Amino acid sequence: MKLEFVIEGMDFTRAGEAAAKIKKALQLVGMEVETVRKSVIVAYEAEMNIVIHARSGTLTARVYPDRVEIEAADEGPGIPDISLALQEGYSTAPPHIREMGFGAGMGLPNIQRSSDELHIDSKVGIGTKLTSTIMNRTSGV
Ligand SMILES: Nc1ncnc2c1ncn2[C@@H]1O[C@H](COP(=O)(O)OP(=O)(O)OP(=O)(O)O)[C@@H](O)[C@H]1O
Ligand SMILES: [Mg+2]
């Protein structure tokens, strides 16, 4: 199963919709609760990063029996230093974004914690592509 959503930068009225739809779809096909939880964290934080930091992008979820792959690809400013961006508390979000409750610098660290595999490719001035894999560990009953 493949789910794909177009995400527009600064569109706060629809922000989080794609992650919510991915959550419903994963629950419908009966993925493990823990898989759904991690996938939603990754999808939501990646979606919000496109909304807040990029011009536009796509959020794609590919669902397999043993894993979920979340891909977020955007056109935007890119990330000059990815290892710095992955540090807890690092954020370039301006004051008006922080007033909305974003910009704690916790999105990428949470994505990393929730991912079994994470790749981030970014070109400054071009955009960013994030690919996360979340394994669906069955409870073994
Ligand atoms: N898609 C992106 N395009 C450009 N820069 C990004 C993107 N995603 C993250 N960044 C950069 O990495 C930094 C850290 O991202 P992270 O998601 O951890 O924190 P945040 O978005 O600033 O705040 P929070 O996620 O806690 O609301 C951002 O402040 C931004 O500078
Ligand atoms: Mg973020």
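See the structure above.
Note on numbering: residues in each chain are counted from 1, in written sequence order. Chains and ligands are labelled sequentially in the order written, the chains with letters from A and the ligands with numbers from 1. Per-residue local features of the predicted model are confined to residues with pLDDT of at least 70, and side-chain atom pairs are confined, for both listing and counting, to 80 or more; whole-chain, interface and lining totals are unaffected and use all residues. Excluded from the side-chain calculations are hydrogens and water; all other atoms, namely the structure's heavy atoms, are used.

(A) Representation of the sheet that holds strand E1 (residues 2-8). The pairing criterion is simple: DSSP has to find at least two bridges between the two strands. We count a stretch as a helix when DSSP gives it H or I for four or more residues in a row; a strand needs E for two or more, and each element gets its number in order from the N terminus. Here five strands make up an open sheet; going across it, the order is E1-E2-E3-E5-E4 and the pairing antiparallel. The sheet is open, and its two edges are formed by E1 and strand E4 (117-123), each paired on a single side. Each strand axis lies, on average, 10° off the axis of its neighbour in the sheet, ignoring direction. Sheet analysis places strand E3 (residues 67-75) next to strand E5 (residues 127-135), joined by nine bridges and oriented antiparallel. Paired with Glu-71 across the strands is Thr-131, a residue of E5. Docked against the sheet, helix H1 (residues 17-28) engages E1, strand E2 (56-64) and E3, running at close to 170° with respect to E1. To obtain an axis, a line is fitted to C-alpha atoms, over the contacting stretch when the element is a helix, and the angle between two such axes runs from 0 to 180 degrees between their N-to-C directions. The contact criterion used is simple: two residues touch if any of their non-hydrogen atoms lie within 4.5 Å.

(B) Structural detail: the pairing of E4. In this structure, E4 lies alongside E5, joined through seven bridges in antiparallel fashion. By the bridge assignment for E5, His-119 is matched with Thr-131. Between the antiparallel neighbours E4 and E5 lie three residues, among them Gly-125 with a positive phi of about 85°.

(C) Spotlight on the site of ligand 1. If even one non-hydrogen atom of a residue comes within 4 Å of a molecule or strand, that residue is called near it. If you check the shell around ligand 1, you find 20 residues, and the closest are His-53, Asp-74, Ser-91, Thr-92 and Gly-103. Distance and chemistry together define a polar contact, namely a pair of N or O atoms within 3.5 Å, with one atom able to donate a hydrogen and the other to accept it when in protein, and with adjacent residues in sequence counting only for side-chain atoms on both sides. Here Ala-104 contributes a backbone N or O atom positioned 3.2 Å from an oxygen atom of ligand 1. Taking Gly-105, its main chain carries an N or O atom lying 2.9 Å from an oxygen atom of ligand 1. Taking 600 Å² as the accessible area of ligand 1 by itself, protein coverage stands at 93%. Taken together, the residues of the shell around ligand 1 break down into nine nonpolar, nine polar and two charged. Here the accessible surface of atoms and residues is derived via Shrake-Rupley with a 1.4 Å probe, and residues count as covered only by protein chains that are part of the display. Classification convention: Asp, Glu, Lys, Arg as charged; Ala, Val, Leu, Ile, Met, Phe, Trp, Tyr, Cys, Pro as nonpolar; all other residues, Gly among them, as polar.

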